[in-house]
Amino acid sequence: MNSKTKGVLQILLIVILIAAFGFVAYRGVGSGHRGSAKNIRLGLDLKGGVSVTYEATEASPTDKQMEDTIYKMQKRVENMSTEASVYQEGNNRVTIDIPGVSNSAEILATLGKAGSLQFVMYDNLTDKDGNKNPKEGDEVKFDPKHIELDGKSVEDANATKQTSETGASENVVVVKFTGKGTKTFSELTGANVGKQLAIVYDNKLVSAPVINSQIDGECVISGGEDFKDMKQPQNLASTLRIGALPLELRNIHDNVVGATLGSEALNSSLLAGVIGLILVIIFMIVMYRLPGVAASVALIFYVGAMLLALNLLNVTLTLPGIAGIILSIGMAVDANCIIFTRIREELATGKTVASSIKNGFSKALSAIIDGNVTTLIAALVLFLKGSGTVKGFATTLAIGIVLSMFTAIFVTRLLMESFAALGLTDTKLYGLQKKRTTIDFIGNWKKYVILSGTVIVICVVGIIVNIVGPKGSMLNYALDFVGGTSTSVSIDEGTEITDDLKAQVLDVVKTATGITGEVSSSDDKGVKKITIRTTALTEEQSNTVRTQLAQKFSTDEGNIESETISASVSSEMKTDAVLATVIAAVCMLIYIWIRFRKFATGASAVLALVHDIVVVFTVYVVGSSFIQVGSTFIACMLTIVGYSINDTIVVFDRIRENQKGASSRTDLAAVINKSITETLSRSINTSVTTFIMVFILALLGVSSVRQFAIPLIVGVISGCYSSVCVAAPLWYLMTGRGKKAAKKGTTYSKKRA
């Protein structure tokens, strides 16, 4: 097979894969249309619904108790929504997410109600219509006087295997009763041999086994064909254990989200992604010519692969998650910028296109891997320390990083090699690296200190002004960080929000709860809201407020949103925000120290990160009138940390390479200046592509997205600045001014970097 044929086949393969991704994303495969973008699970902030987190009052519940609680909660919510999910957080919390529902008051009341387990003779049961012989799973009715035992009589229940009278192995449930329960159960079974004993949980018939004999010890329930699969006896055992579970749950966080703003947020974010993607493609083609075309095709491949990954991994897509994808699109071209700069440098030395492509990818690999690994560290810390929506952001960001590395290293390379094989070898199609005039970055380090110091002074002054001013705190904390209840009512688009209207909302809340609060209003993409923040309300109070607001404004209760966060949870969120940033910084320091074998390298990189964190923090301080500090604050900070360290690694990698090729008489400052100058275009181009994506997101996104995107914009600019003007000069000062690039007495061969 000649090279041209091979090149055509490689391009054809990529086109086919992109077409396949596009088809699956649009249409899906099979009868269930699996894999289609419309089947990606949407979080509450995009679809609306109810979320509630319960905490066990018992400090250290056992794993078994938590598993049973999760199972029972899952069985409850399955009837409310097929997309509902129940999962454990920490060692004693259970979170329930139910997207797409509007009857929030009923749902919260049902979820918060303790389960009840009763044993009743089957003959005393009727279905909800009064008919005899109800079936398993039916809602049943019975006179309370016919309850023979309740859940308190059950000590334990487990699914296991035992040998039947015929010698065959069968699945059974072994039930152990308490001391008093054992005696009662013995008398009950002795008096009703041959009859059915019904097990009822939450007024639903779970099972109705036949009593074969009087039982004085453990009760063994066999189900025959019904127990052929071990899952059935395990579920029954879990139900029996739940009935006896002394695990009391208390609501520490509930959130009722309307679907209107969620739909608007989804549409505007997707539009921002499409526009941003088109602008990035145009920018890459203009800047890098034919390689830019390869990067653009790889980027489209990346978007298709991302949609499939979200389906395959069953990721719940949230608003911060979409922001993570859009951000990763901007960052996905970073590796391409590094590679293409290297290829141009190789071409400038007179090498062939094929050879330059090979060498360019080879020389760029270490910087790509190191930069992306450090960003993955930030994503991992986010996932481990963040809440549900922040975890969604971390998940999509991590998937994006892995996929972007794959598309840059393999897809882009395959396309570039195919172009060369097809005879597209004119250097005009690729561009030559022009001779650079080395900029004295190290010599200007004092100017950078003044600039960065000014930002720090602004931050400190802003904090003081906020504390002594009307706000009374240095930041505008969202509900996540202070606790309490926030209730919002959506107002018709044609209705003007007046002070009188706000007073009416305040009056409804005060009448229903006896509690007053702070009232604010917003008009976000045509969705008007009046919001009142109070101290934490109980579930009953929140339900009453939502019902009365719906009646007052003649609207559906689905248009009333509320969120309650306990003080303990908000305190944890603030602690986690600081802890996550510290952990990420330490992990990155260790990684860079190991990779570059110098503590000064890692320390200077981390100090540059601290600089960027202070800069972004200043945005939150100065913009506290319109930017709130909530759960996405953690995601924003760690995203900047990951992004900034990626940029810094590229610069440090070039310094390391140039040190190897420098003579013993070369000053370290000269090597650093040369390295920064060589990577400057890549730093700027990568920042521009990321800036484009985040700027469009801030421009078109809803309020909650803008509050995430605006600090990111500043962080992207600061990350580029710190990598060039802070990290490298710090490393130079920490390593020692006037130090040579290499030890004297060692022979080096001069090579072009």
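These notes cover the structure that comes with them. In this text the structure is predicted, and so the values were computed from the model without any measurement.

The rules behind these values
Residues numbered from 1 in each chain as written. Predicted model: local features only at pLDDT ≥ 70, side-chain atom pairs only at ≥ 80, totals over all residues. Heavy atoms only, no water. Helix = DSSP H or I, 4+ residues; strand = E, 2+ residues; numbered from the N terminus. Buried < 20%, exposed > 50% of the residue type's maximum accessible area, 1.4 Å probe, protein only. Contact = heavy atoms within 4.5 Å. Areas by Shrake-Rupley, 256 points an atom, 1.4 Å probe, with all protein chains shown as cover. Pairing = 2+ DSSP bridges. Axes fitted to C-alpha atoms, helices over the stretch in contact; angles between N-to-C directions. Patch = residues over 30% accessible without salt bridge, like charges linked within 9 Å, V, L, I, M, F, W, Y side chains within 5 Å. Salt bridge = Lys/Arg side-chain N within 4 Å of Asp/Glu carboxyl O. Parallel < 35°, antiparallel > 145°, perpendicular 65-115°, else oblique. Left-handed = near helix turned anticlockwise from the far one by under 90°. Nonpolar A, V, L, I, M, F, W, Y, C, P; charged D, E, K, R; others polar. Phe/Tyr/Trp six-rings, centres within 6.5 Å; stacked < 30°, edge-to-face > 60°. Core = buried A, V, L, I, M, F, W, Y, C linked by side-chain atoms within 4.5 Å.

Secondary structure assignment for the chain yields 21 helices and 17 strands. Across the 753 residues in the chain, those meeting the buried criterion constitute 52%. When contacts within the chain are restricted to residue pairs at least 6 apart in sequence, those whose partners lie at least 24 apart make up 77%. Of the roughly 33600 Å² that the chain leaves accessible, carbon and sulfur atoms contribute 57%.

It is worth spelling out the sheet that holds strand β12 (residues 219–222) at this point. The strand order across the open sheet built from 3 strands is β8-β9-β12, with neighbouring strands paired in antiparallel fashion. Where the open sheet ends on each side, the last strands, each with one partner, are β8 (154–163) and β12. On average, each strand axis in the sheet is tilted by 25° relative to the strand beside it, whichever way the strands run. Pairing geometry for β8 and strand β9 (residues 169–177), over 9 bridges, is antiparallel. When the bridges of β9 are listed, V154 appears paired with F177.

Our focus in this paragraph is unusual backbone geometry. Its identity is not glycine, yet N133 carries a phi of approximately 60°, on the positive side. Of note, N133 is situated in the loop between β5 (126–127) and β6 (140–141).

Across 8 bridges, the pairing between strand β1 (residues 49–56) and strand β13 (residues 249–257) is antiparallel. Bridging across to β13, S51 finds its partner in N255. As defined by bridge partners, β13 adjoins strand β17 (residues 560–565) across 4 bridges and the pair is classed as antiparallel. Pairing of H253 across the sheet is with I565, part of β17.

In this section: a nonpolar patch on the surface. Together, L271, V274, I275, I278, L279, I282, V286 and M287 line one region of the surface with nonpolar side chains, adding up to about 670 Å² of accessible area. With respect to the secondary-structure elements, V286 resides in helix α7 (residues 259–288). A residue is classified by how much of its surface remains accessible, and V286, at 62% relative accessible area, is exposed.

Quick look at the packing of helix α10 (residues 334–348) against helix α20 (residues 668–700) now. At a minimum axis distance of 9 Å, the contact between α10 and α20 shows a crossing angle of 150°. On the basis of their axis angle, the class for α10 and α20 is roughly antiparallel. By crossing handedness, the relation of α10 to α20 is classed as right-handed. Listed contacts from α20 to D334, C337, I338, T341 and E345 of α10 are E678, S681, R682, N685 and T686. Broken down by class, the residue content of the contact of α10 with α20 amounts to 2 nonpolar, 4 polar and 4 charged.

Under the counting rule described, the total for this entry stands at 16 salt bridges. Here the residues in one salt-bridge network are R342, E345, R654, E657, K674 and E678, joined through shared partners.

Turning to the packing of aromatic side chains, a few remarks are in order. One pass over the structure, following the stated rule, counts 9 aromatic pairs. Here F177 and F185 contribute two aromatic rings whose centre-to-centre distance is 4.3 Å and whose plane-to-plane angle is 25°, an arrangement assigned as stacked. For the pair Y288 and F340, a centre-to-centre distance of 5.4 Å together with 55° between the ring planes defines the contact as tilted. Taken together, the positions of Y288 in helix α7 and F340 in helix α10 put the pair 52 residues apart, joining distant regions of the chain. The buried category is assigned to Y288, whose relative accessible area is 2%.

With that settled, consider the environment of I645. Among the secondary structure elements, I645 is positioned in helix α19 (residues 631–660). In the structure, I645 is positioned 271 residues away from T374 in sequence and 6.8 Å away in space, judged by C-alpha atoms. Leaving out residues up to four positions away in the same chain, I645 has contacts with T374, T375, M588, I592, A605 and L609.

Once that is clear, we can look at the nonpolar core. One broad rule of soluble globular proteins: the nonpolar side chains tend to lie buried together. Ranked by size, the top nonpolar core spans 132 residues in total, and within it M284, L299, Y620 and I672 carry the most contacts. Residue contacts for I672: discarding those within four places in its chain leaves I442, I655, A728, W731 and Y732. Counting 22 residues, the second largest nonpolar core, distinct from the first, contains I199, I211, I215 and A237.

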